[in-house]
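Observations on the model geometry
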Amino acid sequence: MTALRTALPRRYSPAAYWRRRLSGRRTRRLLETHLLVLFLCAVVASASLFLSYRQTRQGAAALAAREAPAVQGLAAARLAAVRADQEAHALVTAHLVDVAGSGETYRSQLSAADQGLSRIADRTDQDLGTVDGLLDTYGNSLGLGTSMYRDQPLMREQKLDEADSLLSRSTVGLAPRLDALQRVQLRHAEATATMGRWQRAGWWLAELALAVMALTLLSALFVLRDRCGRDWNPYLLAAFALTVSLAVFPLLTATATGHRLDRALGDLGRITETSRRTGPGLAAAQQSVAQESEEVRQELTGGGWADRMYMGTAVGGLLVVVLPALGLGLRLDSDYWRRR
């Protein structure tokens, strides 16, 4: 009875099941088949993993270097342009246009808007020529309305109304054009940071190939011990540990990078909404945009560990191809190929 209880688990254990599945095949053919499957899976997994991770890394770099600064620059430019109009009207209302140095605030806002557009010119593929021209014309109208016609109230009012029209006219005004640019740039940022269909397929393919490879490595280790009477092959053990690591750590890192980019996109959306404020509180809105922009910059530049994981993935992908080939290739050469 005791012998029966001991024999049953052995007969129906996973090792016994796999031994029966492989019983009709020669050892040499089994090892060669394992070697072929391992090589193919390693090549597919390494290539898919490298390309998918590279695309994730490039998306994060593009968002940090181009898309996010462009969104932030457009938001700052719009707020500065609207605040310049507000400050110019405040000067006229308070009868301070004749006071020396009284127009420095609105001029500095115009300068900030112009500099903001200049800084993002090489970070966006959108045409800023029309907006730059409108900003120049708008600034010229504000300047004439606050300094040129000091003794002609009607002309001053006409120039300020002209500036208001240039700023806020539906569709073709400076503010609506900047709004349109912001919407397009925010969509560009979302497209850059979001994982696409092919990239997701690459990750799935890499994980599937690594899973098949891990199972094949376990099978190869079993065949070596069961049929060849060999101890654990160190090359295959190292390849198995590396396969598990490649299946886990790059995916975790890419997922963390995706969450980081999602947070940055949320912040960019809030920056865009804040920049569309009008009326009082523009100075506070500018300060809020500046603070959130700095937070986004720190968020996007804090991924040095992801770059190190990228290099580790590249090296690991190479090793996961070489180690199984060495482990089984050396054994086949020693036990079978040299005997031809």
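Values in this document were obtained by computation on a predicted structure and should not be read as measured data.

Let us now look at the environment of Ala 68. Along the chain, Ala 68 turns up in helix α3 (residues 27-93). Taking relative accessible area as the criterion, Ala 68 reaches 1% and is therefore assigned buried. When the C-alpha atoms of Ala 68 and Leu 265 are compared, they prove to be 8.3 Å apart, with 197 residues separating the residues in sequence. Here Ala 68 is in contact with Leu 63, Leu 268, Val 296 and Leu 300, once residues within four sequence places are set aside.

By convention here, two paired aromatic rings are described through the distance between centres and the angle between planes. Under the counting rule described, the total for this entry stands at three aromatic pairs. Judged by centre distance (6.3 Å) and plane angle (65°), the rings of Tyr 53 and Trp 203 are edge-to-face. Separated by 150 residues along the polypeptide, Tyr 53 in helix α3 and Trp 203 in helix α8 (residues 197-227) bring together distant segments of the chain. A relative accessible area of 3% places Tyr 53 in the buried class. Taking relative accessible area as the criterion, Trp 203 reaches 5% and is therefore assigned buried.

Right, let's talk about the pattern of salt bridges for a bit. Scanning the model with the defined rule gives eight salt bridges in all. In this structure, Arg 83 and Glu 87 form a salt bridge, with 3.4 Å as the shortest nitrogen-oxygen distance. Here Arg 83 and its partner Glu 87 are both found in helix α3, four residues apart, which amounts to about one turn of the helix. With relative accessibility at 17%, the residue Arg 83 sits in the buried group. The closest approach of N and O atoms between Glu 273 and Arg 276, which form a salt bridge, is 3.5 Å. By relative accessible area, which is 51% here, Glu 273 ends up exposed. Salt bridges linked by common partners bring Arg 78, Asp 179, Glu 273 and Arg 276 together as one network.

Let's shift gears to the nonpolar core. Most often, soluble globular proteins keep nonpolar side chains buried together rather than apart. Leu 63, Leu 117, Tyr 138, Leu 142, Leu 174 and Leu 268 are the most contacted members of the largest nonpolar core, which totals 46 residues. Among the elements of the structure, α3, α4 (104-120), α5 (129-148), α6 (153-168), α7 (174-193), α9 (234-275) and α10 (282-301) are those that each provide at least two residues to this core. The dominant element in this core, judged by the number of residues it contributes, is α3, at 14 residues. If sequence neighbours within four positions are ignored, Leu 268 has contacts with Leu 63, Ala 68, Val 71, Gln 72, Leu 186, Ala 189 and Val 296. Within the second largest apolar cluster, 32 residues are counted, among which are Leu 35, Ala 45, Val 223 and Ala 254.

This brings us to the side chain of Gln 199. Checked against the element boundaries, Gln 199 lands in helix α8. Look at Gln 199 and you get buried, because its relative accessible area is 6%. In this structure the side chain of Gln 199 is engaged in a polar contact, spanning 2.4 Å, whose partner is the side chain of Thr 56.

Bringing the packing of α9 against α10 into the picture now. Relative orientation of the contacting elements α9 and α10 amounts to 165°, with a least axis distance of 10 Å. Viewed along their axes, α9 and α10 adopt a mutual orientation that is roughly antiparallel. The way α9 lies across α10 gives a crossing that is left-handed. Here α9 contributes Arg 260, Leu 261, Arg 263, Ala 264, Asp 267, Leu 268, Arg 270, Ile 271 and Thr 274 to the contact with α10, which in turn contributes Ala 285, Ser 288, Val 289, Glu 292, Ser 293, Val 296, Glu 299 and Leu 300.

A few words now on α10. Helix length check: α10 (20 residues) gives 28 Å between terminal C-alpha atoms against 28 Å at 1.5 Å per residue, within 8%. For α10, every residue scored as buried is listed here: Leu 282, Ala 285, Gln 286, Val 289, Glu 292, Ser 293, Val 296 and Leu 300. Around the axis of α10, the buried residues are gathered within 135° of arc, so they sit on the same side. Buried residues in α10 make contact with α3, α4 and α9.

Criteria and thresholds
- The residue numbering used here restarts from 1 in each chain and proceeds along that chain's sequence as written.
- Owing to the predicted nature of the model, reporting of local features is limited to residues with pLDDT of at least 70; listing and counting of side-chain atom pairs is limited to 80 or more, with chain, interface and lining totals taken over all residues.
- Side-chain measures here rest on the full set of heavy atoms in the structure, leaving out hydrogens and waters.
- Segments assigned H or I by DSSP are reported as helices when at least four residues long, segments assigned E as strands when at least two residues long, and all are numbered from the N terminus.
- Think of it in three bands: with a 1.4 Å probe and only protein chains considered, a residue is buried below 20% of the maximum accessible area for its type, exposed above 50%, and partly exposed in between.
- Here a residue-residue contact requires only that any non-hydrogen atoms of the pair lie within 4.5 Å.
- The rule is short: rings of Phe, Tyr and Trp, with Trp giving its six-membered ring, pair when the centres are within 6.5 Å, and they are stacked under 30 degrees, edge-to-face over 60, tilted in between.
- Whenever a carboxyl oxygen of Asp or Glu lies within 4 Å of a side-chain nitrogen of Lys or Arg, that contact is scored as a salt bridge.
- The definition of a nonpolar core used throughout is a set of buried Ala, Val, Leu, Ile, Met, Phe, Trp, Tyr and Cys residues joined through side-chain atoms within 4.5 Å.
- Polar contact is defined as a pair of N or O atoms within 3.5 Å, subject to the rule that within protein one atom must be able to donate a hydrogen and the other to accept it, and that residues adjacent in sequence are counted only when both atoms are side-chain atoms.
- An axis is simply a line fitted to the C-alpha atoms; with a helix, the fit covers only the stretch in contact. Between two such axes, the angle follows the N-to-C directions and lies from 0 to 180 degrees.
- Reported orientations rely on four angle classes, namely roughly parallel under 35 degrees, roughly antiparallel over 145, roughly perpendicular from 65 to 115, and oblique for the rest.
- By convention, the crossing between two helices is left-handed when the near helix turns anticlockwise from the far helix through less than a right angle, and right-handed when the turn is clockwise.
- In this analysis, the expected span of each helix is defined as 1.5 Å times one less than the number of residues it contains.
- Throughout, the arc means the angular range of directions from the helix axis out to the C-beta atoms.

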